[in-house]
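Residue-level listing of the chains:
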Amino acid sequence: MGQKHLSYIPIDIDSWHWILNREEKMKKLVVVILLLLLGACSNGKEAGGTEKSTRETVVSKEKELKFVVAPQYEGKTSELIEFGKKLIEEHPEVGNQGEVTLYYSGSTYTFNEQEYAVFIILNKTDTDINHDAKFKISWGYAGQQIYQNELVEYKISESGELPTQSATIFLLPLTTEQKSIVTKIVDERKMNLSISDIQMK
């Protein structure tokens, strides 16, 4: 049976939240992606009722951020899934309406002796993400590159569909050298994260 372990890098979640709201002072911690390239249909929902209070309730529910997992993990629990749920539960305000964003969670995860950086992808657009996607990621800290235009894939079969107003975990593998840089991350202002060349399948 493979070893599973979630490691926490000493990033204060309140500081993380503060940084997310101070995007202009960072080199792309918040990455706006996929919006122009999504070919999926809008997720239309009927309010069902004409009273003002009913409409407000429906709007409120639609804006609620839901944590999703791939179908094969539904109904199951793990340290990683609980971590993602807790992060979204405690910080539903993360990400801007109308955008798909990618955040580094401040944690790593070990499975079968492979270390992964734990990211959160949030979809706050009006469009479901229900296709695989490929994109290049660049990620660095204090002048040291962790990823340099690395081609990565978001696979629906592994991560699940990402409906409107939802979030999920996204894991990226780390080499020993990359992990040595990631474990030094203590000041989010020195971190840069960007993606490019997004392609929907």
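Everything in this summary refers to the structure shown in the same document. (Residues numbered from 1 in each chain as written. Predicted model: local features only at pLDDT ≥ 70, side-chain atom pairs only at ≥ 80, totals over all residues. Heavy atoms only, no water.)

**So, the nonpolar core**
Just so we agree on the cut-off: To define a nonpolar core, start from buried Ala, Val, Leu, Ile, Met, Phe, Trp, Tyr and Cys residues and group those joined through side-chain atoms within 4.5 Å. Each residue is assigned to one of three classes by its accessible area relative to the maximum for its type, calculated with a 1.4 Å probe on protein chains only: buried under 20%, partly exposed between the two thresholds, exposed over 50%. Contacts were defined at the residue level, with two residues in contact if any of their heavy atoms lie within 4.5 Å.
F119, W139, I146 and F170 are the most contacted members of the largest nonpolar core, which totals 28 residues. Residue contacts for F170: discarding those within four places in its chain leaves L102, A117, V118, F119, I121, F135, V152, E153, Y154 and S159.

**Concerning the pairing of strand β5 (residues 133-141)**
For clarity, the threshold we go by: Helix and strand definitions here come from DSSP, where helices need a minimum of 4 consecutive H or I residues and strands a minimum of 2 consecutive E residues; each element is numbered from the N-terminal end. At least two DSSP bridges between two strands are required for those strands to pair.
The buried fraction of β5 amounts to 7 of the 9 residues, a majority that puts the element mostly inside the structure. In this sheet, strand β6 (residues 144-154) lies alongside β5 in antiparallel orientation, the contact comprising 8 bridges. Within β6, the position partnered with Y141 by the bridge is Q144. Connecting β5 to the antiparallel partner β6 that follows it, the hairpin turn spans 2 residues, and A142 within it adopts a positive phi of roughly 50°. Where β5 and strand β8 (residues 191-200) come together, 8 bridges link them in antiparallel fashion. From the neighbouring strand, K136 faces β8, where its bridge partner is S196.

**Points about the sheet that holds β6**
Rules: For helices, the axis comes from a line fit to the C-alpha atoms of the stretch in contact; other axes are also lines fit to C-alpha atoms, and the angle between any two N-to-C directions lies between 0 and 180 degrees.
Reading across the sheet, the 3 strands line up as β6-β5-β8 and stay open at both edges, with antiparallel pairing between neighbours. Taken across any chain shown, the strands that pair with only one partner, and hence form the sheet edges, are β6 and β8. This sheet shows a mean twist of 15° between the axes of neighbouring strands, independent of strand direction.

**Re the side chain of T125**
As a reminder, the rule being used: Polar contact criterion, stated in full: a pair of N or O atoms within 3.5 Å, where within protein one must be able to donate a hydrogen and the other to accept it, and residues adjacent in sequence count only if both atoms are side-chain atoms.
Tracing the chain through its elements places T125 in the loop between β4 (114-123) and β5. In terms of polar contacts, T125 uses its side chain to reach the side chain of N123, at 2.6 Å.

**As for the layout of surface pockets**
Convention followed: Cavities and pockets are found on a 1 Å grid laid over the protein atoms alone: a cavity is a set of points where a 1.4 Å probe fits but cannot escape, a pocket is an open set with protein on both sides within 12 Å along at least five of seven lines, and a lining residue has an atom within 4 Å of such a point. Grid points are joined across faces, edges and corners, and a volume is the space filled by probe spheres set on the points.
Approximately 760 Å³ is the volume found for the largest pocket. What lines the largest pocket is a set of 25 residues, and nearest its centre among them are Y73, L80, E158, I169 and L171. Elements with a contribution of two residues or more to the lining of the largest pocket: α3 (79-90), β3 (100-111), α4 (156-159) and β7 (166-174). In terms of residue count, the dominant contributor to the lining of the largest pocket is β7 (6 residues).

Remember, this is a structural readout, not a statement about activity or role.
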